[in-house]
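Structural features, examined
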Amino acid sequence: KVYTDYFFYEPAFNTHDGGYIPLEAPNVKQQKLKVPELLTPDKETDTDMYYTVISQAGEAQIMPGKATKTWGYNQALLGKTILFKRGKNIHVTVKNELPELTTYHWHGLNVPGDIDGGCHTPVYPGESKVLNFKCDQPAATLWLHAHPCPSTAEQVWHGLATAVVVKDEHEATLPIPRNYGVDDIPVILQDRRFHEDNQWDYKADYDPDGVQGPTAMINGTVNPYFDVTTQKVRLRLLDGANRREWRLHFSDDLEFTQIAGDGSLLTHPVNFTHLMITCAERQEIVVDFGQYKPGDEVVLYSDDVPIMHFRIHEFAEDNSVIPDTLFEMNTPKVTENTPVRKVVMSGMDEEVALDGKKFDMERIDAKQTMGNCEIWEVTNTNDCENGMVHPFHMHGCQFEVLDRDGHAPYPNETGLKDTIGVNPDETVRFKAWFDHPGVFMYHCHIIEHEDGGMMAQIQVDDPDHPQEFHLTKMDDL
Ligand code: C2O
Ligand code: CU
Ligand code: CU
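This is a predicted model, so every value here is computed, not measured.

With respect to the overall build of the chain
- Assigned secondary structure in the chain consists of 4 helices and 33 strands.
- By the compact-globule yardstick of 23 Å for 477 residues, the chain fits well, its C-alpha radius of gyration being 21 Å.
- Considered along the principal axes of its C-alpha atoms, the chain spans approximately 60 × 55 × 50 Å.
- Carbon and sulfur atoms form 48% of the exposed surface of the chain, whose accessible area is close to 18,000 Å².
- Separation of charge centres in the chain, based on 40 positive and 77 negative side chains, amounts to 4 Å.

Here's what the structure looks like:
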């Protein structure tokens, strides 16, 4: 079976927003896709990995002519890919060399609240901090991004985002591409507007429903091409845009196979010709270029705009088959007694709210006991005609989607997820449990909605080790 539709409600696609900014094919010649290097650990032993991650300002050559002033991790723009091996103790020294405070949020990582890097853990300019935690979750593509309230959106727009890859022994046994940089690459989808002298101007482009620009930027490259030297290529798609959702398809309606979502492999591979990704989601796909010959070009589109080119070179034949079963979900069972928690995302523009309220750093909105599974029922009250898809995200956990308005979830929602697009007038149910204590945010991942208050926080208590959690006050920042 091959799916050919985008599943989400068509009237809610961003193309219908009042302030929608269509992508435009860039007027620059094709440039080699920047594939972020793997960040070199400061040290690695059989049991431990040590990294240093520095937030810094710099200049990146993105367009012909003037360089763009940007922010990044250990480099001018975006960052190197950070690899965590499951089972190891990780030690990350985070350092802030920016002129303002930032935080280091590990989107999708199962860690305690004080490591998670939400808005209660600011790192001030000139300061550094060491984060120690154990990596214990399935292989997945996660990401690191800034999360200071309420300037997450602006800092991500400046470039503070990078891919994080978790590896485990199970994934390592599967016959799927995993030669990083060759047949396994992150594809970070973002969009920007280049103003005079190729500069970005967040304030000039501000829109409370999410800042957009007409130029697609992939791994910090405009109009990229990628040299295909293997028959199969694994793309770790990450929607790192502030607001834009991407509706992806290839030239010739080339089929591809999704193998992973946000927090794990999918239980079974799913074949598509069209695929929509909402903000902060990850989708790993394997593209088989077997029908092409050297010199051919395959184009990736979002809606009808070309955003990336694949230049086909000589490759050895590859008869490997993606296994029918990729991952086993081993999640807590739902019983009659499983508590149900309702969450409501409402409004648009400045009116956005979560459960009718704006985010308040000093208010705990909900509590859940560590280890306990609960059903979360998340409703988007926008109306179908003028509303939008709000991508709902939870920190500190990975959840399992149960249903959408009582119907089966989309076919690519079988694995663990931490972000899910909720259509207008729809209720999505999933089960969620926390492995670590702390205070965790949950919010819409259209980042201007998050900064605009469509966010709340939950306190997760470990009954065996009761703890007081320190809430940073807005006034202290
Ligand atoms: Cu990707 Cu609260 O964040
Ligand atoms: Cu997050
Ligand atoms: Cu939203």
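Quick look at the pairing of strand E22 (residues 297–302)
- Here 3 bridges tie strand E17 (residues 246–250) to E22, and the two strands are oriented antiparallel to one another. Note on E22: the bridge partner recorded for Phe-250 is Leu-300.

Observations concerning the coordination of the copper ion (ligand 3)
- Every protein donor of the copper ion (ligand 3) is listed here as His-390 (ND1), Cys-444 (SG) and His-449 (ND1), and their distances to the metal cover 2.0 to 2.2 Å.
- Mapped onto the sequence, the residues coordinating the copper ion (ligand 3) show the spacing H-x53-C-x4-H. Linking His-390 in strand E28 (residues 390–394) with His-449 in helix H4 (residues 447–451), this pair joins segments that are 59 residues apart in sequence. Taken individually, His-390 and His-449 each receive the classification buried, so the pair is uniform in this respect.

Re the packing of aromatic side chains
- The final tally for this structure, using the stated rule, is 25 aromatic pairs.
- Members of the aromatic cluster, connected to one another through ring pairs, are Tyr-3, Phe-7, Phe-8, Phe-226, Phe-250, Phe-256, Phe-272, Phe-289, Phe-310 and Tyr-410.
- Directly above the aromatic system of Trp-376 lies the positively charged group of Arg-341, at a separation of 5.1 Å from the ring centroid.
- Taking NZ or CZ as reference, Arg-404 lies 3.9 Å from the ring centre of Tyr-410, over its face.

Here we look at the sheet that holds strand E18 (residues 256–260)
- One open sheet accounts for 7 strands, arranged E1-E19-E18-E21-E16-E13-E14; its pairing is mixed. Looking at which strands have only one partner, the edges of the open sheet turn out to be strand E1 (2–3) and strand E14 (215–218).

Focus on the coordination of the copper ion (ligand 2)
- For the copper ion (ligand 2), the full set of protein donor atoms is His-105 (NE2) and His-393 (NE2), at a range of 1.9 Å. Here His-393 lies in strand E28 and His-105 lies in strand E9 (residues 105–107), a separation of 288 residues in the sequence. Of the two residues, His-105 and His-393, neither departs from the other in class, the shared state being buried.

Side note on the sheet that holds strand E24 (residues 340–346)
- Pairing is mixed across the open sheet formed by 5 strands, whose spatial order is E25-E24-E27-E31-E29. The outermost strands of the open sheet, each flanked by one partner alone, are strand E25 (353–354) and strand E29 (400–404).
- For strand E27 (residues 374–380) and strand E31 (residues 426–432), the ladder comprises 7 bridges, and the chain directions are antiparallel. Of the residues in E31, the one forming a bridge with Glu-374 is Ala-432.

Topic: the domain arrangement of the chain
- Parsing the chain into structural domains produces domain 1 (2–15 + 175–312), domain 2 (32–172) and domain 3 (340–476).
- One C-alpha centre belongs to domain 1, the other to domain 3; they are set 25 Å apart.
- Contact with domain 1, which involves 34 residues of that partner, is made by 31 residues of domain 3.
- At the boundary of domain 1 with domain 3, the tally comes to 3 salt bridges.
- Residue composition of the side of domain 1 that touches domain 3, by class: 18 nonpolar, 9 polar and 7 charged.

Considerations on the pattern of salt bridges
- According to the stated counting rule, one finds 32 salt bridges in the structure shown.
- Where Glu-284 meets Arg-234, a salt bridge forms, and the shortest distance between an N and an O atom there is 2.8 Å. Of this pair, Glu-284 sits in strand E21 (residues 282–288) while Arg-234 sits in strand E16 (residues 232–239), and the two are 50 residues apart along the sequence. With respect to class, Glu-284 is no different from Arg-234; both count as buried.
- Two residues, Asp-365 and Arg-363, come together in a salt bridge whose shortest N-O distance is 2.6 Å.
- Since its relative accessible area comes to 23%, Asp-365 is described here as partly exposed.
- Judged by relative accessible area, which is 24%, Arg-363 ranks as partly exposed.
- Put simply, Glu-171, Arg-178, Asp-184, Arg-234, Arg-236 and Glu-284 are held in one network by salt bridges that share partners.

Remarks on the side chain of Arg-247
- Within the fold, Arg-247 resides in strand E17.
- On the basis of relative accessibility, which here comes to 1%, the residue Arg-247 falls in the buried class.
- A polar contact is formed between the side chain of Arg-247 and the side chain of Glu-245, at a distance of 3.1 Å.
- Here the side chain of Arg-247 touches Asp-303 through a polar contact of 2.8 Å, side chain to side chain.

Points about unusual backbone geometry
- Put simply, Cys-149 and Pro-150 share a cis peptide bond, and its omega is 0°.
- Phi is positive for Asp-197, which is not a glycine, with a value near 55°.
- Within the secondary structure, Asp-197 is located in the loop between strand E13 (184–192) and E14.
- A residue is classified by how much of its surface remains accessible, and Asp-197, at 42% relative accessible area, is partly exposed.
- Here Asp-349, not a glycine, exhibits a phi torsion of approximately 50°, which is positive.
- Looking at the element boundaries, Asp-349 is found in the loop between E24 and E25.

Analysis parameters
- Residues numbered from 1 in each chain as written.
- Chains lettered and ligands numbered in written order.
- Predicted model: local features only at pLDDT ≥ 70, side-chain atom pairs only at ≥ 80, totals over all residues.
- Heavy atoms only, no water.
- Helix = DSSP H or I, 4+ residues; strand = E, 2+ residues; numbered from the N terminus.
- Rg over C-alpha atoms; globule rule 2.2 N^0.38 Å.
- Areas by Shrake-Rupley, 256 points an atom, 1.4 Å probe, with all protein chains shown as cover.
- Lys, Arg positive; Asp, Glu negative; His and termini not counted.
- Charge placed at Lys NZ, Arg CZ, Asp CG, Glu CD.
- Pairing = 2+ DSSP bridges.
- Donors = N, O, S within 2.8 Å, 3.2 Å for Na, K, Ca; no water.
- Buried < 20%, exposed > 50% of the residue type's maximum accessible area, 1.4 Å probe, protein only.
- Phe/Tyr/Trp six-rings, centres within 6.5 Å; stacked < 30°, edge-to-face > 60°.
- Lys NZ or Arg CZ within 6 Å of the ring centre and 35° of its normal.
- Domains from an automatic or database assignment.
- Contact = heavy atoms within 4.5 Å.
- Salt bridge = Lys/Arg side-chain N within 4 Å of Asp/Glu carboxyl O.
- Nonpolar A, V, L, I, M, F, W, Y, C, P; charged D, E, K, R; others polar.
- Polar contact = N/O pair within 3.5 Å; in protein donor to acceptor, adjacent residues only side chain to side chain.

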